[in-house]
Amino acid sequence: MANTAPRKIGVLTSGGDAPGMNAAVRSVVRTALNAGMEVVGIYSGYSGLVANKMGSFTASSVANIIQRGGTVLKSGRCPEFLKADVRALAANNLRNAGIEGLVTIGGDGTFNGAHTLFVEHGIQVVGVPGTIDNDIFGTEETIGFDTAINTALEAIDRIRDTAASHDRLFIVEVMGRDSGFIAIDVGVAGGAEEVFIPENLANVDQAIQSIKRGMARGKSSSILVAAEGQKQGRAYDLAEQIRRKAGFEAKVCVLGHIQRGGPPSARDRILASRLGFAAVRALQQGLSDIMVGVQAGQVVPVSLQECTTKKRRVPNELIELAQLLSH
Ligand code: F6P
């Protein structure tokens, strides 16, 4: 716990960008200004912090951004931040700028960085979960997830039209390096025959069985959804395996970074506004080394230690539902 509320705070976005990050930045900035704090925007995530890329933010710095995808603060991954001397430089830059509290918006890599800044240098930090992957322990939803699944779903609906017209099999690859939240939700909502998630819901033989079962009841087109996992373009490997094992030709559509862009949904804007507000309130209350997340619809503090060491798993109920409804 910090003894007093910070007089000046910094805000940064880090990791993969997510629709709604701008709404979160806007909320942080305006809540803090309303509470009489000064606000500094730190550009390009931790790399910008290390390179001292920052500037004073006013209410108008965040005007007209709530509806914009991406992040006006820019983002990036910063592998150098794994080094202690680089983190020490970052902490020094914060102190020299008079920044007494830091809001970090991002995913688990972002929170690892924030946690170490607190542990090693006593920086007051609060995390806001922003990633399209929805894979942060301690929150039911992350900023950007709702927009991303709706973007992917729109694509699947379009693909279904052409798949049906040509009696084709499609594999649609969605994002999700380590987790299958996007794939499973999009699979259920898009009526996919099978969903491949990094946690390994379906294997190729099982997918082939599903396709054959569909054909037996007169289906002439099918959609499989696959999370990209560790390799973007993994869907091409799956298509090749299906061709070799069963002789079915599959068309592949990799949605890729399309899922990370575009205007945030209303749900993401509201979530981001709530969490940005809560992050500043938490700093005012002297809380640190926490993320503000949503549990049972309420905004709650969760320790960063917990968020970064525990894994959020795709609920079995959804996995079973995806399988059952495809039959
Ligand atoms: O931000 C999360 C994420 O979009 C993952 O779903 C995806 O696997 C990864 O980032 C891609 O990252 P990058 O844009 O750095 O290649």
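Report follows, based on the coordinates. Please read all numbers here as calculations on a predicted model, not as lab measurements.

Re the site of the ligand
By nearness alone, every residue bordering the ligand is listed as G16, R77, I132, D133, M175, G176, R177, E228, H257 and R260. Side-chain polar atom of R77 to an oxygen atom of the ligand: 2.9 Å apart, as the coordinates give it. Between the ligand and R177 there is a distance of 3.3 Å, counted from an oxygen atom to a side-chain nitrogen or oxygen. Look at the ligand: alone it shows 400 Å² of surface, and the protein chains cover 81% of it. With respect to the pocket detection grid, the ligand is positioned in the largest pocket. Residue composition of the shell around the ligand, by class: two nonpolar, three polar and five charged.

Here's the deal with the nonpolar core
Residues I9 and V103 are the most contacted members of the largest nonpolar core, which totals 61 residues. Split by domain, this core shows at least three residues from each of two domains, domain 1 (8-144 + 264-309) and domain 2 (146-260). Those residues in contact with V103 that lie beyond four places of it in its chain are I9, G10, V11, L12, V28, V126, V128, A279 and L283. In this structure, L12, Y46, I99 and C307 belong to the second largest nonpolar core, which totals 23 residues.

Section: the packing of aromatic side chains
The tally for this structure, following the rule as stated, stands at two aromatic pairs. Consider the rings of Y46 and F81, whose centres lie 4.2 Å apart with planes at 20 degrees: the pair is stacked. Of this pair, Y46 sits in helix 2 (residues 45-50) while F81 sits in the loop between strand 3 (54-57) and helix 3 (84-96), placing them 35 residues apart in sequence. Comparing Y46 with F81 shows no difference in burial state: the two are buried.

Some words on the layout of surface pockets
When its volume is computed, the largest pocket comes out at roughly 780 Å³. If you go around the largest pocket, you meet 32 residues; those closest to its centre are G15, R77, D108, G109 and R177. In terms of residues, the lining of the largest pocket owes the most to one element, helix 4 (residues 108-121), which gives six residues. Split into classes, the residues belonging to the lining of the largest pocket amount to seven nonpolar, 15 polar and 10 charged. Composition of the lining of the largest pocket by domain shows at least three residues from each of domain 1 (8-144 + 264-309) and domain 2 (146-260).

Quick notes on the rules
Residues numbered from 1 in each chain as written. Predicted model: local features only at pLDDT ≥ 70, side-chain atom pairs only at ≥ 80, totals over all residues. Heavy atoms only, no water. Near = heavy atom within 4 Å. Polar contact = N/O pair within 3.5 Å; in protein donor to acceptor, adjacent residues only side chain to side chain. Areas by Shrake-Rupley, 256 points an atom, 1.4 Å probe, with all protein chains shown as cover. 1 Å grid on protein atoms, 1.4 Å probe; cavity = no way out; pocket = protein on both sides within 12 Å on 5 of 7 lines; lining within 4 Å. Sits in = over half its atoms within 2 Å of the grid points. Nonpolar A, V, L, I, M, F, W, Y, C, P; charged D, E, K, R; others polar. Core = buried A, V, L, I, M, F, W, Y, C linked by side-chain atoms within 4.5 Å. Buried < 20%, exposed > 50% of the residue type's maximum accessible area, 1.4 Å probe, protein only. Domains from an automatic or database assignment. Contact = heavy atoms within 4.5 Å. Phe/Tyr/Trp six-rings, centres within 6.5 Å; stacked < 30°, edge-to-face > 60°. Helix = DSSP H or I, 4+ residues; strand = E, 2+ residues; numbered from the N terminus. Points joined across faces, edges and corners; volume = space filled by probe spheres on them.

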